[in-house]
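If you want the building blocks of each chain, they are given just below.
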Amino acid sequence: MSDKKVKVTLVKSVIGTKQSHRATVRGLGLRRLHQTVELQDTPAVRGMITKVAYLVKCEA
């Protein structure tokens, strides 16, 4: 497994977004605005970040 981490921060509200995008944000472990989580850098996580790129900020 990769030991690399990626920090993801929710910077925009999910109110008014598609249900699937809200579910993706929750899947990343984000609940509140400006909350940051540290996740494994995997292709699945990268795909989720790409899907909701307009809502989150990503730091490698």
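Keep in mind the model is a prediction, meaning the values are calculated, not measured. (Residues numbered from 1 in each chain as written. Predicted model: local features only at pLDDT ≥ 70, side-chain atom pairs only at ≥ 80, totals over all residues. Heavy atoms only, no water.)

Student: What exactly am I supposed to notice about the overall build of the protein chain here?
Tutor: Secondary structure summary: the protein chain contains 2 helices and 3 strands in total. Counting from the amino terminus, helix and strand elements in the protein chain follow one another as β-α-β-α-β. Its C-alpha atoms give the protein chain principal-axis dimensions of about 35 × 20 × 15 Å. The buried share among the 60 residues of the protein chain stands at 30%. Long-range contacts, defined here as pairs at least 24 residues apart, represent 72% of the contacts in the protein chain between residues at least 6 apart. Counting only carbon and sulfur atoms, one obtains 55% of the accessible surface of the protein chain, whose full area is about 4100 Å². Within the protein chain, one finds 12 positive and 4 negative side-chain charges whose respective centroids are separated by 13 Å. (Helix = DSSP H or I, 4+ residues; strand = E, 2+ residues; numbered from the N terminus. Buried < 20%, exposed > 50% of the residue type's maximum accessible area, 1.4 Å probe, protein only. Contact = heavy atoms within 4.5 Å. Areas by Shrake-Rupley, 256 points an atom, 1.4 Å probe, with all protein chains shown as cover. Lys, Arg positive; Asp, Glu negative; His and termini not counted. Charge placed at Lys NZ, Arg CZ, Asp CG, Glu CD.)

Student: Can you help me understand the side chain of Thr 9 in this one?
Tutor: On the secondary structure map, Thr 9 appears in strand β1 (residues 5–10). At a separation of 2.8 Å, a polar atom in the side chain of Thr 9 contacts the side chain of Thr 36. (Polar contact = N/O pair within 3.5 Å; in protein donor to acceptor, adjacent residues only side chain to side chain.)

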